[in-house]
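Residues per chain are reported as follows:
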Amino acid sequence: MASAHDPLALAIDVGGTKLAAALVAPDGTITARRTTPTPAGAGEVVWQALADIVRDLLAGDPVLVGAGIASAAPMDLRTGTVSPVNIGGWRGFPIVERVGGLVPGLPVRLGGDAQCMALAEYHHGTGRGSRCLLGMVVSTGIGGGFVFDGKAHFGTSGNAGHVGHFVVDPAGPECRCGARGCAEAIASGPSMVRWAVDQGWRPGGRADGVALAAAARAGDEVARAAFDRSGAAVAHVITVAAALCEIDRVVIGGGVAQAWDLLEPAVTGPLAAWPGLEFMRAVEVRPATLGVDAGLIGAAALVGDRTPVVL
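Residues numbered from 1 in each chain as written. Predicted model: local features only at pLDDT ≥ 70, side-chain atom pairs only at ≥ 80, totals over all residues. Heavy atoms only, no water.

Applicable threshold: UniProt positions are given in the numbering used here, feature names are shortened, and annotations may be inferred rather than shown by experiment.
The name given to the protein chain in an unreviewed UniProt entry is ROK family protein, with Saccharothrix mutabilis subsp. mutabilis as the source organism. As recorded by UniProt, the Sequence similarities (unreviewed entry) comment attached to the protein chain reads in full: "Belongs to the ROK (NagC/XylR) family."

If you want it as structure tokens, here you go:
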């Protein structure tokens, strides 16, 4: 339980729909937060909206130990810059430098949003007790992050964990990254819905992931097949990750994972059948528990994790 005397981290979560900032205690408790819709337009417009909620949050002069930023990718930790695909005005945007100007003299750490989710779940969610964790976000896109022995693994430039762009079917649909058959092009929410519609699924109202899940639960064969197809792609990703890194647990969050009753058997069935090696079959798969707060909690954890700004 956080106390009024705990040191706080400033946590920032940058997304294409929403910008959020919070004060977070060491135990992951969010003590205050501010949010605002991500504005359209030039990069400076987006930055001003973010800076405004951070300044408002800091108006009471809290005692801070540093700032952590969770951002959509890609990014470059070596320069402290981000180029989120869902924020068109930010290309090579110097977010570490800009946030540093709001908290002068304090360390500022940067990580991917899915990497921060993994870090949050490792310390405060269903990742607790694991040694080598893969956190996955299965939503509009598919992201991921690795935590090994309590430390986030970022790779050379900070983009490790892009598991949504594992190619699971070279003859599959084109992905927005330019490749074919990426897991994201098959297993993300919009990809599932698109495939189901192409196969003849006709919802009574809006064609989205919620309607697809409802149809699957009602016994619609195409909707069920969409979840099975998505689960198989996620299982493929996990199998590759297990072979490469010997992960012992996978925590899955995001919009698609809200239909855990449908996604879980679609993932664990192939995982039980495909791998021939015992250590790959031993991977646990669990749902995330921290929800929309995971990005902020993970961003705060970056401060204690001593994530480098320049590698």
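Picking up where we left off.
## Brief notes about the sheet that holds strand β2 (residues 18-24)
Defined as follows: The criterion for strand pairing is that DSSP finds at least two bridges linking the strands in question. Helical segments are the DSSP runs of H or I of at least four residues, strand segments are the runs of E of at least two, and each set is numbered from the N terminus. Axis geometry follows a simple rule: fit a line to the C-alpha atoms, using only the stretch in contact for helices, then measure angles between N-to-C directions, giving values from 0 to 180 degrees. The contact definition used throughout considers only heavy atoms, calling two residues in contact when any of these lie within 4.5 Å.
Strand order in the open sheet made by the 5 strands is β3-β2-β1-β4-β7, with mixed pairing throughout. If you trace the sheet from one side to the other, it starts and ends with β3 (30-37) and β7 (108-112), each paired once. Pairs of neighbouring strands in the sheet enclose a mean axial angle of 15°, with direction left out of account. Two strands pair when backbone bridges link them, and strand β1 (residues 8-14) and β2 are joined in this way by 6 bridges, in the antiparallel orientation. Directly across from I12, in β2, lies its bridge partner A21. Along the sheet, helix α1 (residues 43-57) contacts β1, β2 and β3; its crossing angle with β2, the most-contacted strand, is approximately 25°. Packing against the sheet, helix α2 (residues 95-102) makes contact with β1, β4 (64-71) and β7, and its axis sits at approximately 140° to β7.

## What to know about the nonpolar core
Heads up, the rule is: Among buried residues, the Ala, Val, Leu, Ile, Met, Phe, Trp, Tyr and Cys ones that are joined through side-chain atoms within 4.5 Å form a nonpolar core. Burial classification: accessible surface area is computed with a 1.4 Å probe over protein chains only, and a residue below 20% of its type maximum counts as buried, one above 50% as exposed, and the rest as partly exposed.
By size, the foremost hydrophobic cluster in this structure holds 60 residues, and its most contacted members are L10, I12, V14, L50, W90, I95 and V99. When residues of this core are traced back to their parent elements, those giving at least two are β1, β2, α1, β4, α2, β7, α3 (113-124) and α10 (294-305). In terms of nonpolar packing, the next biggest core, distinct from the first, is built from 42 residues, V193, L212, A223 and V267 among them.

## A few points about helix α6 (residues 209-217)
Defined as follows: Of all possible arcs, the one meant is that of the directions from the helix axis to the C-beta atoms. Polar contacts, as used here, are pairs of N or O atoms within 3.5 Å; protein pairs need one atom able to donate a hydrogen and one able to accept it. Residues neighboring in sequence count only if both atoms are side-chain atoms.
Turning to α6, its buried residues are L212, A213, A215 and A216. Here the buried residues of α6 occupy an arc of 160° about the axis, which is enough to place them on one side. Elements that come into contact with the buried residues of α6 comprise α5 (189-198), α7 (221-245) and α8 (260-273). Capping the start of α6 is the job of one residue whose side-chain oxygen sits 3.3 Å from the backbone nitrogen of V210: D208. Trailing α6 by a residue or two, G219 shows a phi angle of about 100°, which is positive.

## Quick look at the pattern of salt bridges
Put simply, the rule reads: For this analysis, a salt bridge means a side-chain nitrogen from Lys or Arg found within 4 Å of a carboxyl oxygen belonging to Asp or Glu.
With the rule as written, the count across this model stands at 12 salt bridges. D261 is paired through a salt bridge with R217; the nearest N and O atoms lie 2.9 Å apart. Here D261 is found in helix α8, whereas its partner R217 is found in helix α6, with 44 residues between them in sequence. With a closest N to O distance of 3.1 Å, E284 and R286 form a salt bridge. Overall, the relative accessible area of 32% leaves E284 in the partly exposed class.

## Let's talk about the side chain of T81
Along the polypeptide, T81 turns up in strand β6 (residues 81-82). Side chain to side chain, T81 and T79 meet in a polar contact 2.7 Å long.

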